[in-house]
Amino acid sequence: AAKENLNLNESEKAKETMEVLGREFDTLLNGLNDKVLSSGIEKAVLSTRLVGSPCALVASQYGRSGNMERIMKPQAYAKAGGADTNIQKKILELNPFHPLVKELNTLYKADPESETAKDLA
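Residues numbered from 1 in each chain as written. Predicted model: local features only at pLDDT ≥ 70, side-chain atom pairs only at ≥ 80, totals over all residues. Heavy atoms only, no water.

Chemist: What is the right way to look at the overall build of the protein in this model?
Modeler: The number of helices and strands found in the protein is five helices and three strands. Within the protein, the fraction of its 121 residues that count as buried is 28%. The contacts in the protein between residues at least 6 apart in sequence include a share of 74% that link residues at least 24 apart. Just so you have it, the protein exposes about 7,800 Å², and 53% of that area is on carbon and sulfur atoms. (Helix = DSSP H or I, 4+ residues; strand = E, 2+ residues; numbered from the N terminus. Buried < 20%, exposed > 50% of the residue type's maximum accessible area, 1.4 Å probe, protein only. Contact = heavy atoms within 4.5 Å. Areas by Shrake-Rupley, 256 points an atom, 1.4 Å probe, with all protein chains shown as cover.)

Chemist: How should the packing of helix α2 (residues 26-36) against helix α4 (residues 99-110) be read in this particular structure?
Modeler: When two helices pack together, their arrangement is given by the angle between the helix axes and the distance between those axes. At a minimum axis separation of 9 Å, α2 and α4 run at an interaxial angle of 80°. Relative to α4, the element α2 is oriented roughly perpendicular. Contacts from T27, L28, G31 and V36 of α2 reach α4 at V101, L104, N105 and Y108. Of the residues assigned to the contact of α2 with α4, the class counts are five nonpolar, three polar and no charged. (Axes fitted to C-alpha atoms, helices over the stretch in contact; angles between N-to-C directions. Parallel < 35°, antiparallel > 145°, perpendicular 65-115°, else oblique. Nonpolar A, V, L, I, M, F, W, Y, C, P; charged D, E, K, R; others polar.)

What follows is the structure, given as C-alpha cells:
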C-alpha cells in the first residue's frame, strides 16, 4: 500500500464525503501543490486510507516503490559518480479527519499567504 489510488471505501456515501471534503480542503491542497511544497512533491491529495496519521508520502501509481528506490540508489551512485539521477517526487496524502490537518486547513482558509500557515505546512 505504498502507491497512490488505493481505495478502501468504495461506497457511494464515501465517494460523496470525499467530494465534499475535496471542496473544503481545496485552498490547502492548492497552496501545498503550487507554493509551499512544489519542489518536493508531485501533488497533494486527500486520503481515504489514513486513520491515525496526519499524512503519508506514497509513490505514484506507476512509479517505483520505496524498496525499489532503495535497491537502485547504490547503483545510481556507482554509475554516475555520486549523482542521484533517479529521484522521483512523491505524492503527499493528507488525512482530512486528523486535527492537525483540519487546523492547517483553517489557517490556509483564513489567509493563504500567511507565513505562519506556510511554515506549519
